[in-house]
Each structure stands twice: as structure tokens, then as C-alpha cells.
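Below, each chain spelled out in residue letters.
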Amino acid sequence: MSKESTPTNSTINPYEFLQIVPNADGTLTRDCSNYPSTVATPDPGNHTLPVLSKDVLVNHLNNTWVRIFLPRQALDSSFTPKLPLIIHFHGGGFIILSAATKLQHDFCSNIAADLPAVIVSLEYRLAPEHRLPAAYDDAIEALHWIKTAQDEWLQQYANFSCCFLSGDSAGGNIAYHVGLRVAVEVDNILPLKIRGLMLNSPFFGGVKRTESELRSANNPLSPLCAIDLMWELSLPTGVDRDHEYCNPIVGGGSKLLDQFKLLGWKVLLMGATEDPFFDQSNRVFEND
């Protein structure tokens, strides 16, 4: 039996696992009780917070917005250098979670404090209501918004010439594809200057199962049946997992990585052998 058709023998219901219910009109009803949201904390008067955060609208028609994270130390009058700017994209298989999800909020807040850095976390449109490339388009729009934004935090504290694209899981996929787009039109986002990508277990796949996928078929965090459903709901209608959005190798996107090298971009790839995306992620970057 080929890897393409190898059954997972899973007893997991992917809809129940992901806490989603499909509706007749093609939308999803999402139960986010396992992934609570948290509000932004913009008040500088709360001196217990090491990082401030606030939400700013990007596109009211698409209801996209960003949550900006600013280390409190940047407000100190004696702190003069501008901070690196990290543009972050959250995970969730393109169909769940949010920039306001507590897990994502805490991650960005901790990174902002530890580096320190200014972080802009994007609330992009979700599938299947907005299938790919909607998330990529939202991310590109966010870059153009950032470069012209009159937001005080970005203008005063972010170093636009030291910018990084970051993402975990589906967010890593977004950072990769946005990086490919930007790499061939870098002048269009000036004064933003991308210096590199930080990809945590980027969400890649393909029709042919990898060994890490087969090892992780019943992974309690990312079972293969749930991964397959995420791709089914997020990819353009009528394509399979060998579409370039899912499988950069088949799509030829990996060849464009040479442009990253020419620009001097660095790529930090993070993952673990028990991660179902481990093998495919390494194959995308194996020649770098």
C-alpha cells in the first residue's frame, strides 16, 4: 500500500477535535472554549506589565487588524535605540485561532520582552470562509499598512530597517509565502527591510505522506486526520495537497529560496522529530 493511501486507523473525529461544525453555507461554527482570548493591555499606567499591547484596525472591510506589542523599557527616556520589528502570523491550520488567542498573545508578549522587540501580530481572514491565498494577501496588505502607518508605537520605537517575518504552524507557512512574494519586489515595501524569517514548525505537506506524518498519525496535538481536514478547508477549491500553497517543493517555490540568499536573508527553522511537519519542512530548506 502506498504512503498516499495508507490509512491512519484513527478513531479521532477531526471536526470534534478542532471544535468546528460545518454549516450548509460553507462557513464554520467555531467553539473556542479550549483556546480562550485575551484583551490587549495598552495602559502604560499599569506598571506591573513588562509589555504593553494594543489593537489597531488595518482593513475594516475584511475585519483585519494587528495587535502591537511594545516592551515597557522602550518608554524609558534613557532607552534610545529603536527595536527590531517582528511581524508575526499565528497558527491554527488557517481555520481557527486568532491574534487575540491567549496562547498567541502570551507568546508574542514573552518574545517582545525577552529580545526586546516590537511585535506586530496579524489577525488575518480564516478559511473556509476565505480560502488561500486570502491569508497571504492580508499579510502583504499588513506590510504595506505598517510602512505607512502613523501609529505612534511603530513610528517612535520600531526599526523598520531591521524587520523579520515570523510564524508558527500555518503562520510559518504564511511567513514563507509572504517572504517569497516580498523577495521579488523588495522595493515595494520600503522603508521596511526584511532581514530574515523565523519559522516554527511551518505547516507544509503534500499528497505523498512523509515518514514524520506517518509517525504522527495519531499525534494527540496534531492528528493526521485533523491536518488533512485543515488543508481540505483552506486550499483553493478543487486542488489537492500538492498545490504550491501546501507543497512548495512540487510547486517550485523552493527554487525561489535562492532569492533569499541574494538578499542576505537568514532563515531560522524550528521543529522536532515528533512534529508531523518535520520532514517536509526540512525538505523545503534542505539545500540552504
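Residues numbered from 1 in each chain as written. Predicted model: local features only at pLDDT ≥ 70, side-chain atom pairs only at ≥ 80, totals over all residues. Heavy atoms only, no water.

- With an unreviewed UniProt entry as reference, the protein is termed Carboxylesterase 1-like, source organism Melia azedarach.

What to know about the state of the cysteines
When the sulfur atoms of two cysteines share a covalent bond, that bond is a disulfide.
Link 1 in the chain: A complete count under the given rule lists zero disulfides for this structure.
Link 2 in the chain: Its sulfur unpaired, cysteine 32 is 17 Å from the next cysteine sulfur, which belongs to cysteine 108.
Link 3 in the chain: Take cysteine 225: it sits in no disulfide, and the sulfur closest to it among the cysteines is that of cysteine 246, at 16 Å. (Disulfide = S-S within 2.5 Å.)

What to know about the pattern of salt bridges
Link 1 in the chain: Counted under the stated rule, the structure contains eight salt bridges.
Link 2 in the chain: Two residues, aspartate 106 and lysine 102, come together in a salt bridge whose shortest N-O distance is 2.6 Å. Taken as a pair, aspartate 106 and lysine 102 lie in helix α2 (residues 102-114) at a separation of four residues, close to a single helical turn.
Link 3 in the chain: Taking the relative accessible area as the measure of exposure, lysine 102 reaches 40% and is therefore partly exposed.
Link 4 in the chain: Linking arginine 209 and aspartate 228 is a salt bridge whose minimum nitrogen-to-oxygen distance equals 2.6 Å. Note that arginine 209 is positioned in the loop between β8 (194-200) and α6 (211-215) and aspartate 228 in helix α7 (residues 224-234), a separation of 19 residues in sequence.
Link 5 in the chain: For arginine 209, a relative accessible area of 7% gives the class buried.
Link 6 in the chain: Here the salt bridges share partners, and the residues they tie into one network are Arg209, Asp228 and Arg241. (Salt bridge = Lys/Arg side-chain N within 4 Å of Asp/Glu carboxyl O. Helix = DSSP H or I, 4+ residues; strand = E, 2+ residues; numbered from the N terminus. Buried < 20%, exposed > 50% of the residue type's maximum accessible area, 1.4 Å probe, protein only.)

Here we look at the pairing of strand β7 (residues 158-168)
Link 1 in the chain: Pairing between strand β5 (residues 83-89) and β7: seven bridges, direction parallel. Paired with leucine 83 across the bridge in β7 is alanine 158.
Link 2 in the chain: In terms of strand pairing, β7 meets β8 through six bridges, oriented parallel. Each residue of the ladder has a partner; that of glycine 167, found in β8, is leucine 199.
Link 3 in the chain: Handedness of the crossover joining β7 and β8 through helix α5 (residues 170-183): right-handed. (Pairing = 2+ DSSP bridges. Right-handed = clockwise from strand over helix to strand, strands pointing away.)

Remarks on the layout of surface pockets
Link 1 in the chain: Looking at the largest pocket, its volume works out to about 810 Å³.
Link 2 in the chain: Around the largest pocket sit 29 residues that line it, and Asp168, Ser169, Leu221, Ser222 and Phe277 are the ones nearest its centre.
Link 3 in the chain: Looking at the lining of the largest pocket, the elements with two or more residues in it are α1 (14-18), α2 and α7.
Link 4 in the chain: Partitioned by chemical class, the residues of the lining of the largest pocket number 17 nonpolar, nine polar and three charged.
Link 5 in the chain: What the second largest pocket holds in volume is close to 200 Å³.
Link 6 in the chain: Taken together, 13 residues form the lining of the second largest pocket, with Phe107, Ile111, Ser166, Met198 and Met270 sitting closest to its centre.
Link 7 in the chain: Contributions of two or more residues to the lining of the second largest pocket are made by β5, α2, β7 and β8.
Link 8 in the chain: For the lining of the second largest pocket, the per-class residue count stands at eight nonpolar, four polar and one charged. (1 Å grid on protein atoms, 1.4 Å probe; cavity = no way out; pocket = protein on both sides within 12 Å on 5 of 7 lines; lining within 4 Å. Points joined across faces, edges and corners; volume = space filled by probe spheres on them. Nonpolar A, V, L, I, M, F, W, Y, C, P; charged D, E, K, R; others polar.)

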